[in-house]
Amino acid sequence: MKKLKIIRGLPGSGKSTRAKSLGIPDHYEADMYFMQNGEYKFDRTKLADAHAWCKRMVENAMIAGRDVIVSNTFVKKWEYAVYEELAAKYNYAVDVEVMAGNYQNVHGVPPEIIQRMKDNFEY
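Residues numbered from 1 in each chain as written. Predicted model: local features only at pLDDT ≥ 70, side-chain atom pairs only at ≥ 80, totals over all residues. Heavy atoms only, no water.

## Looking at the overall build of the protein chain
Counting its secondary structure elements, the protein chain contains four helices and six strands. Written out in order from the N terminus, the α and β elements of the protein chain read β-α-β-β-β-α-β-α-β-α. With the C-alpha coordinates of the protein chain rotated into their principal frame, the extents come out at 40 × 35 × 25 Å. Here the protein chain holds 123 residues, and the buried ones make up 36% of them. Taking the average place of the 18 positive charges on the side chains of the protein chain and the average place of its 16 negative ones, the gap between the two points comes to 2 Å. (Helix = DSSP H or I, 4+ residues; strand = E, 2+ residues; numbered from the N terminus. Buried < 20%, exposed > 50% of the residue type's maximum accessible area, 1.4 Å probe, protein only. Lys, Arg positive; Asp, Glu negative; His and termini not counted. Charge placed at Lys NZ, Arg CZ, Asp CG, Glu CD.)

Here it is as structure tokens:
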């Protein structure tokens, strides 16, 4: 059966590293939308566009019948429900993994934002 791996966790928890370690070429994150010429250029006003792009890329991989990974913070369970719906639509098995590491936050998310995310994280 085709597989969708959902990786969630706080910034700096090891989501991207874990996804890359699985060796599945179809790996998408909303943060990838903000990469320009190898440089991360976050723009809060384009966050909805980034998540729409991520969903579209995951769905395209599913349409093609490939295993796929999506890794985002997904603080609330409803935030990844759309991916579970896609998995049901395309007959994919779903595996959700929560990362709890404490590594360098490479995107410069302020500590107070990370703390708020931590306080609101649904396990």
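Don't stop here, the text continues.
## Considering helix α2 (residues 47–63)
Over its 17 residues, α2 runs 24 Å from end to end, which matches the ideal 24 Å to within 8%, given 1.5 Å per residue. Contact partners of the buried residues in α2: β1 (3–8), β2 (27–28), β5 (68–72) and α3 (78–89). In the segment just after α2, Gly65 is the residue with positive phi, at about 80°. (Expected span 1.5 Å × (residues − 1). Contact = heavy atoms within 4.5 Å.)

## What to know about the packing of aromatic side chains
Enumeration according to the criterion identifies nine aromatic pairs in this entry. Consider the rings of Tyr33 and Phe34, whose centres lie 5.5 Å apart with planes at 90°: the pair is edge-to-face. The class of Tyr33 is partly exposed, set by a relative accessible area of 30%. Ring geometry for Phe74 against Tyr83: centres 5.7 Å apart, planes inclined by 70°, an arrangement best described as edge-to-face. Under the relative-accessibility criterion, Tyr83 is labelled buried at 3%. The structure contains a cluster of three or more aromatic residues connected by ring pairs, namely Tyr28, Tyr33, Phe34, Tyr40, Phe42 and Trp53. (Phe/Tyr/Trp six-rings, centres within 6.5 Å; stacked < 30°, edge-to-face > 60°.)

## Overview of a nonpolar patch on the surface
A cluster of nonpolar side chains, Val94, Val96, Val98 and Tyr123, forms an exposed patch at the surface whose accessible area comes to about 350 Å². With respect to the secondary-structure elements, Val94 resides in strand β6 (residues 93–98). Among the residues examined, Val94 registers a relative accessible area of 35% and is labelled partly exposed. (Patch = residues over 30% accessible without salt bridge, like charges linked within 9 Å, V, L, I, M, F, W, Y side chains within 5 Å. Areas by Shrake-Rupley, 256 points an atom, 1.4 Å probe, with all protein chains shown as cover. Salt bridge = Lys/Arg side-chain N within 4 Å of Asp/Glu carboxyl O.)

## Examining the side chain of Arg8
For Arg8, the position within the fold is in strand β1. Notably, Arg8 is buried but unbridged: the nearest opposite-charge side chain belongs to Glu122, and the N-O separation is 5.7 Å. Polar contacts involving the side chain of Arg8 include one to the main-chain carbonyl oxygen of Val75, which spans 3.1 Å. (Polar contact = N/O pair within 3.5 Å; in protein donor to acceptor, adjacent residues only side chain to side chain.)

## Quick notes on the packing of α2 against α3
Where α2 contacts α3, the two axes come as close as 10 Å, and the packing angle between them is 20°. Relative to α3, the element α2 lies roughly parallel. Read as a crossing pair, α2 and α3 show a hand that is right-handed. Within the contact between the two elements, α2 uses His51, Cys54, Lys55, Val58, Glu59 and Met62 and α3 uses Val82, Tyr83, Leu86, Ala87 and Lys89. Across the contact of α2 with α3, the residue classes tally to seven nonpolar, one polar and three charged. (Axes fitted to C-alpha atoms, helices over the stretch in contact; angles between N-to-C directions. Parallel < 35°, antiparallel > 145°, perpendicular 65-115°, else oblique. Left-handed = near helix turned anticlockwise from the far one by under 90°. Nonpolar A, V, L, I, M, F, W, Y, C, P; charged D, E, K, R; others polar.)

## Some thoughts on unusual backbone geometry
A positive phi angle is found at Phe74, which is not glycine, with a value near 45°. As for its placement among the helices and strands, Phe74 is situated in the loop between β5 and α3. For Phe74, a relative accessible area of 4% corresponds to the buried category. Non-glycine residue Asn91 carries a positive phi angle of around 60°.

Note that all results are geometric; they support no functional claim without further evidence.
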